[in-house]
Amino acid sequence: MTVTAKATIIKDGCLMVRGKVVLTGVPQNVVVSPSSFIGATSAAPPSSRHVFTLGVLPDGYRFLCLFRFKIWWMIPRVGKSASEVPMETQMLLLEAREDSPLDADAASDNTFYILLLPVLDGQFRATLQGTPTNDLQFCVESGDSSVQTSEAFEAVFINSGDNPFELIKDSIKILEKHKGTFSHLENKKIPRHLDWFGWCTWDAFYKQVNPQGIKEGLHSFLEGGCSPRFLVIDDGWQETINEFCKDGEPLIEGTQLVFAIRLVDIKENCKFNSSGSDNSCNDLHEFIDEIKEKYGLKYVYMWHALAGYWGGVLPSYDIMKKYNPKLAYPIQSPGNIGNLRDIAMDSLEKYGVGIIDPQKIFDFYNDLHSYLASSGVDGVKVDVQSLMETLGSGYGGRVLLTRQYQQALEQSVAWNFKDNNLICCMSHNSDSLYSSMKSAVARASEDFMPGEPTFQTLHIASVAFNSLLLGEIVVPDWDMFQSKHETAEFHATARALGGCAVYVSDKPGVHDFKILKRLVLHDGSVLRARHAGRPTRDCLFEDPVMDGKSLLKIWNLNKLSGVIGVFNCQGAGSWPMKEDMHSKPPSPLSISGHVSPLDIEFLERVAGENWNGDCADLLFAPIGLLDMYNSGGAVESFEYIMDLSKYIIKIKGKGCGRFGAYSSSKPKCCMVDTKEEEFTYNAEDGLLTVKLPGECTLRDIEFVY
């Protein structure tokens, strides 16, 4: 099916979409192309950076934008005026009405949505921003003073539609075809680790990760009856040097010197080989073989930064000289420093980055990944990716350098690992997103931070809203959490419907297996929903963190059902750059709202052709595994057979435990894998329950009436 954008025109100084004025006072240098791109020309001399005014956003609109509040990460913001649109906005969604200015209390059947996506235009990258006078602007920049232009004709893509979720999806597919620099998620290979429970070492050990600690952690999971099947060995395993730290002087986390560390070898450090004081393993290969065999791990991923390490590689080190590295000093764009500065970037600006020659970067990745693969490693988590946008000077600019690194990374992963086993991280810049041809998983927000109580609600809101855009290009990774944390169930239920990986960063022996076993089946698999979890339509233009009234509702689909979660994110924290709006520290709030199965988009796609809008059959509806957060994820198929004397309900269900269904009457018998099983039936509420014994395989369940 060919997807095309809706027509946008400029008439009498107004930008018009479906007869609706979107911007007034549009300057004469602004143009709209037949392929629905907004661009502009400049009378000023060619430059590596231009800011173009598009016009004034009139009253009557509500907007949602996704913007980078710091170089690595996006967060959402809602508002009604272009003056509220921050620098570094990478998606802007407007709510409009065709017949009149927006009345938030009016019926919504004439509502439509307008999407603006600033994209990559050749060697330039575009963003949106507002001004105090309510002008909407777009900025284009190359990141290299020698890469200049005086025009940008394909900087901002504009489209409209009646369904905001379909609008974003269709627009990304149009851009995929038109630009040819990235792929929609549907055209990527999805890593298999996503369907298995995982453990990441970061919050368990931070950089002190070591083989003995990993074994202790895996053993404690095993004893609790909930073993991870994939493991991420995070930062702390590599051989690095800090040139700026005096001998014997300890590094203090959170200081600039931490980020000045550089990589000096592709092999593991002494903690993971026989030269270390631990002596619990001879080398990485032996260690990984041991933990896979003993603890049933299917996938082991290792962490590294896109530049090798935070500070890149050490150019003077003999092992690294073959990659022709040199010391470069990042140059941040006005957008980066116009929102929130980041301590890591402040450090790297001061101490520099050992950057590998772009012509040699594939060799580096291939050497690193082939060594890891030969050691039994199955994939990599690659961090600090947005750094490349600051190093484009002398390399043709930020877009070109990012793309060279991204393509080399994807090619090396494809050569050395099966199943596209790559997790991208700290990569929310559009340079990376619109250069992603194969990468299929990326972190959706800033880290889960167990020691920051005010960050937890922001985390859930961020991943859900960011997934609107990210979820069309990658499977958003909602990050790990800790099962014994005070917000553990808050995070666990979000992961259950997020369509994301389910993994934790528990310290050894510190687990809540009651929570974990509502996420993880006995064989270590998880009931992952089909898509990225996203806010419901009625939440898109509300602030679920700071307005004091709005609940956050997140929806998703399983194979044969919908799932919705309701979260109270109010009163615990404040959005970055909005902290001053609270005159006193926020406090938790009790709020109420409305939730309905009809809040779930596209239910008709799983309900079948004859669905009439009912959310449970008059006779029968499978629920799934009752003790799991995402019960319906266990239902794989459903059919019924009727003859003159009886009818039979046939279900394929995954897993073991209590399997439930709604039934308007009591069945005569129940069969599981052709064997008759006892069941319970409550005539008052219609709940029908049968125990699925044994292994977590696909089961044939029959109810005979």
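The structure this text deals with has already been given above.
Given the structure is predicted, the values throughout are model-derived calculations rather than measurements.

Parameters and conventions
Residues numbered from 1 in each chain as written. Predicted model: local features only at pLDDT ≥ 70, side-chain atom pairs only at ≥ 80, totals over all residues. Heavy atoms only, no water. Helix = DSSP H or I, 4+ residues; strand = E, 2+ residues; numbered from the N terminus. Contact = heavy atoms within 4.5 Å. Salt bridge = Lys/Arg side-chain N within 4 Å of Asp/Glu carboxyl O. Buried < 20%, exposed > 50% of the residue type's maximum accessible area, 1.4 Å probe, protein only. Pairing = 2+ DSSP bridges. Disulfide = S-S within 2.5 Å. Phe/Tyr/Trp six-rings, centres within 6.5 Å; stacked < 30°, edge-to-face > 60°. Lys NZ or Arg CZ within 6 Å of the ring centre and 35° of its normal. Axes fitted to C-alpha atoms, helices over the stretch in contact; angles between N-to-C directions. Parallel < 35°, antiparallel > 145°, perpendicular 65-115°, else oblique. Left-handed = near helix turned anticlockwise from the far one by under 90°. Nonpolar A, V, L, I, M, F, W, Y, C, P; charged D, E, K, R; others polar. Patch = residues over 30% accessible without salt bridge, like charges linked within 9 Å, V, L, I, M, F, W, Y side chains within 5 Å. Areas by Shrake-Rupley, 256 points an atom, 1.4 Å probe, with all protein chains shown as cover. Expected span 1.5 Å × (residues − 1).

A.B. asks: Give me the lowdown on the side chain of Ser 430, citing residues and values where you can.
C.D. replies: Note that Ser 430 resides in helix α9 (residues 430–433). Discounting residues that sit within four places of it in the chain, Ser 430 has contacts with Gln 90, Leu 120, Arg 125 and Ala 126.

A.B. asks: Can you explain the pattern of salt bridges? Please cite residues and give values.
C.D. replies: Counted under the stated rule, the structure contains 41 salt bridges. With a shortest N-O distance of 2.8 Å, Arg 18 and Asp 162 are connected by a salt bridge. Remark: Asp 162 occurs in the loop between β14 (151–161) and α1 (164–179) and Arg 18 occurs in the loop between β2 (14–17) and β3 (20–23); sequence separation between them is 144 residues. Given the relative accessible area of 48%, Asp 162 is considered partly exposed.

A.B. asks: Account for the pairing of strand β10 (residues 111–118), with residues named and values stated.
C.D. replies: Within β10, 8 of the 8 residues are buried, which leaves the element mostly enclosed by the surrounding structure. Burial along β10 is two-sided: Thr 111, Tyr 113, Leu 115 and Leu 117 facing one way and Phe 112, Ile 114, Leu 116 and Pro 118 facing the other are all buried. Bridge count for strand β9 (residues 89–97) against β10 is 6 bridges, and the pairing is antiparallel. When the sheet's bridge partners are listed, Arg 97 is paired in β10 with Thr 111.

A.B. asks: Talk me through the state of the cysteines; I want residue IDs and the actual numbers.
C.D. replies: Counted under the stated rule, the structure contains 0 disulfides. Here Cys 139 is not disulfide-linked; the sulfur of Cys 65 is the nearest cysteine sulfur, at 15 Å. For Cys 139, a relative accessible area of 2% translates into the label buried. Just so you know, Cys 281 is unpaired, no disulfide at all, and the nearest cysteine sulfur is the one on Cys 270, 11 Å from it. Classification of Cys 281 as buried rests on a relative accessible area of 3%.

A.B. asks: Residues and numbers for the packing of aromatic side chains, please.
C.D. replies: Counted under the stated rule, the structure contains 26 aromatic pairs. Plain terms: the ring middles of Phe 182 and Tyr 434 are 5.2 Å apart, the flat faces sit at 65° to each other, and that makes the pair edge-to-face. Placement of Phe 182 in the loop between α1 and β15 (198–200) and of Tyr 434 in the loop between α9 and β24 (441–443) is noted, with a sequence separation of 252 residues between them. Judged by its relative accessible area of 2%, Phe 182 falls in the buried class. Between Tyr 323 and Phe 364, the aromatic rings sit 5.3 Å apart at their centres with planes inclined by 80°, giving edge-to-face as the arrangement. Highlighted residues: Tyr 323 in the loop between β19 (299–305) and β20 (326–328) and Phe 364 in helix α7 (residues 361–374), separated in sequence by 41 residues. Both residues of the pair, Tyr 323 and Phe 364, count as buried. Feature note: the residues Phe 620, Phe 638, Tyr 647, Phe 703 and Tyr 705 constitute an aromatic cluster, connected by ring pairs. One residue, Lys 20, lies across the ring of Tyr 61, its end atom 5.6 Å from the ring centre. Of note, Arg 605 hangs over the ring of Phe 602, and the distance from its end group to the ring centre comes to 3.9 Å.

A.B. asks: Please give an account of the sheet that holds strand β28 (residues 552–557) that cites residues and values.
C.D. replies: Taken in spatial order, the 3 strands line up as β27-β28-β29 in an open sheet, and their pairing is antiparallel. Edge positions in the open sheet fall to β27 (534–535) and β29 (562–567), since each of these has one partner strand only. One ladder, built from 2 bridges, connects β27 with β28; its direction is antiparallel. Paired with Arg 534 across the bridge in β28 is Trp 555. Against the sheet, helix α11 (residues 488–497) contacts β28 and β29, and its axis sits at roughly 155° relative to β29.

A.B. asks: How would you summarise the packing of α7 against helix α8 (residues 398–416) if you had to cite specific residues and measurements?
C.D. replies: For the pair α7 and α8, interaxial distance at closest approach is 9 Å and the crossing angle is 30°. Comparing the axis directions of α7 and α8 gives the class roughly parallel. In this structure, the crossing between α7 and α8 has a hand that is right-handed. Of the residues in α8, those in contact with Ile 361, Phe 362, Tyr 365, Asn 366, His 369, Ser 370 and Ala 373 of α7 are Gln 404, Tyr 405, Ala 408, Leu 409, Gln 411, Ser 412, Val 413, Trp 415 and Asn 416. Residues that form the contact of α7 with α8 fall into these classes: 9 nonpolar, 7 polar and no charged.

A.B. asks: Before we move on, could you go through a nonpolar patch on the surface and cite the residues and values that matter?
C.D. replies: Together, Leu 560, Phe 638, Tyr 640 and Met 642 make up a nonpolar patch on the protein surface, roughly 410 Å² of accessible area in all. Note that Met 642 resides in strand β31 (residues 635–642). Note on Met 642: relative accessible area 55%, which makes it exposed.

A.B. asks: Could you give me a rundown of helix α10 (residues 456–470), with the residues and numbers involved?
C.D. replies: Compared with an ideal rise of 1.5 Å per residue, which puts 15 residues at 21 Å, α10 spans 20 Å between its outermost C-alpha atoms and is within 8% of the ideal. Burial analysis of α10 places 15 of its 15 residues in the buried class, which makes it a mostly covered element.

A.B. asks: Explain the sheet that holds β31 to me, using residue names and the numbers behind them.
C.D. replies: With antiparallel pairing, the 5 strands of this open sheet are ordered in space as β31-β32-β38-β34-β35. What marks the edges here is a single partner per strand, and that holds for β31 and β35 (675–676). Note: strand β32 (residues 647–654) against strand β38 (residues 698–704), 7 bridges, orientation antiparallel. Looking at β38, one finds that Gly 653 is bridged to Arg 699.

A.B. asks: Give a detailed account of the environment of Phe 417, specifying residues and quantitative values.
C.D. replies: Assignment of secondary structure puts Phe 417 in the loop between α8 and β23 (422–424). The buried category is assigned to Phe 417, whose relative accessible area is 6%. Linking Phe 417 and Ala 492, residues 75 residues apart in sequence, is a C-alpha distance of 29 Å.

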